[in-house]
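# Structural overview
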Amino acid sequence: AMARPAFWGIAVAYFGYNFTGAAMIFHLIPMLAERSVAAGMIVAVWVTIGPMQVAGRIVLMVLGSRVDARSTGRVAIVLLPFSILLMMGACASVPVLFLFAILYGASNGMMTIVRGTIVPELMGPRGYATISGALSFPANTARAVAPVAAAAIWGWGGYAAVLWVLLGVCSLAAIAFWMASARRSNAANTDP
């Protein structure tokens, strides 16, 4: 599986996606506080993300077999950089902050489904568990380093710098996913 471009594209996408997500989980509250967003509004934005994750999954459930993991992943992973762009320009704008929470949450909810379904769609069903396990390494590494890396970037340039880095990382993740999902591997049904 590691000889296939799709594997590496998904690995880069998982790393970037999880890096962005882990940084946002630990830094969203102080990021908004630094922008003088009221505490009640910070809580409202934070608690909107979870229901939007569920809403993203419900949309996929309703669409059922009409959408595949490739298409869903493309939409979900592009929503992430758009949500970061919204956060960059949000300041204390209530509508923009809620739009951020809606897009960010929906993206997370849909990517949860994609993570479990993209491997067999792009690389075939053989070796699913092994390939998925190998792909969890970059995702888990990103989750481990992102909060500390974001704190170091914040110490150097504040949350504006953090958001620029996150925008770059999640944009790279989106490009990698699009490239990986552009065509099905010719070896999709062979042993990895």
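Up top is the structure.
What counts as what
- Residues numbered from 1 in each chain as written.
- Predicted model: local features only at pLDDT ≥ 70, side-chain atom pairs only at ≥ 80, totals over all residues.
- Heavy atoms only, no water.
- Helix = DSSP H or I, 4+ residues; strand = E, 2+ residues; numbered from the N terminus.
- Rg over C-alpha atoms; globule rule 2.2 N^0.38 Å.
- Areas by Shrake-Rupley, 256 points an atom, 1.4 Å probe, with all protein chains shown as cover.
- Axes fitted to C-alpha atoms, helices over the stretch in contact; angles between N-to-C directions.
- Parallel < 35°, antiparallel > 145°, perpendicular 65-115°, else oblique.
- Left-handed = near helix turned anticlockwise from the far one by under 90°.
- Contact = heavy atoms within 4.5 Å.
- Nonpolar A, V, L, I, M, F, W, Y, C, P; charged D, E, K, R; others polar.
- Core = buried A, V, L, I, M, F, W, Y, C linked by side-chain atoms within 4.5 Å.
- Buried < 20%, exposed > 50% of the residue type's maximum accessible area, 1.4 Å probe, protein only.
- Expected span 1.5 Å × (residues − 1).
- Bend = angle between axes of the 7 residues up to and from the residue.
- Polar contact = N/O pair within 3.5 Å; in protein donor to acceptor, adjacent residues only side chain to side chain.
- Phe/Tyr/Trp six-rings, centres within 6.5 Å; stacked < 30°, edge-to-face > 60°.
- Lys NZ or Arg CZ within 6 Å of the ring centre and 35° of its normal.

## Considerations on the overall build of the protein chain
- Across its full length, the protein chain holds five helices and zero strands.
- When the elements of the protein chain are put in sequence order from the N terminus, they spell out α-α-α-α-α.
- Relative to the 2.2 N^0.38 estimate, which gives 16 Å for 192 residues, the radius of gyration of the protein chain is 17 Å and therefore close to what a compact globule would have.
- The C-alpha extent of the protein chain, read off along each of the three principal axes, is 55 × 40 × 20 Å.
- Approximately 8,900 Å² of the protein chain is accessible, and the part contributed by carbon and sulfur atoms is 73%.

## Topic: the packing of helix H4 (residues 94–123) against helix H5 (residues 128–180)
- Where H4 contacts H5, the axes come no closer than 8 Å and their chain directions differ by 130°. When the axes of H4 and H5 are compared, the pair comes out oblique. Judged by the sense of rotation from one axis to the other, the crossing of H4 with H5 is right-handed. Seen from H4, the contacting residues are Val114, Gly116, Ile118, Val119, Pro120, Leu122 and Met123; seen from H5, they are Tyr128, Ile131, Ser132, Leu135, Phe177 and Ala180.
- Looking at the contact of H4 with H5, its residues break down into 11 nonpolar, two polar and no charged.

## Here we look at the nonpolar core
- With 60 residues, the main nonpolar core has Phe100, Ile118 and Leu135 as its most contacted residues.
- Only helix H1 (5–34), helix H2 (39–63), helix H3 (69–90), H4 and H5 provide two or more residues apiece to this core.
- Of all the elements, H5 adds the most residues to this core, at 19 residues.
- Contacts of Ile118, omitting those with residues within four sequence positions, involve Ile10, Tyr14, Ala69, Arg70 and Phe177.

## Overview of H5
- Given a rise of 1.5 Å per residue, 53 residues ought to cover 78 Å, yet the end C-alpha atoms of H5 are separated by just 17 Å, more than 12% below that figure.
- Considering bend angle alone, the principal kink of H5 is centred on Gly157 and spans about 125°.

## Re the packing of H2 against H4
- As a packed pair, H2 and H4 sit with axes 6 Å apart at the nearest point and diverge in direction by 40°. Between H2 and H4, the angle falls in the class oblique. Note that H2 runs across H4; the crossing there is right-handed.
- When grouped by side-chain class, the residues that make up the contact of H2 with H4 number 16 nonpolar, seven polar and one charged.

## A short note on the side chain of Thr20
- For Thr20, the position within the fold is in helix H1.
- Once residues lying within four places of it in the same chain are set aside, the contact partners of Thr20 are Leu80, Ile84, Tyr104, Leu166, Val169 and Cys170.

## Points about the side chain of Arg70
- Mapped onto the secondary structure, Arg70 falls in helix H3.
- A relative accessible area of 18% means that Arg70 is categorised as buried.
- Here Ser181 takes part through its backbone oxygen, which lies 3.1 Å from a polar atom of the side chain of Arg70.

## A closer look at the packing of aromatic side chains
- Tallied over the entire structure, the rule returns four aromatic pairs.
- Summarising the aromatic geometry, the rings of Phe7 and Trp8 are spaced 5.1 Å apart at their centres and angled 80° between planes, so their arrangement reads as edge-to-face.
- Judged by relative accessible area, Phe7 falls into the buried class, the value being 4%.
- Lying over the aromatic face of Trp178, Arg74 brings its terminal NZ or CZ to 4.3 Å of the ring centre.

In short, geometric facts, not functional conclusions.
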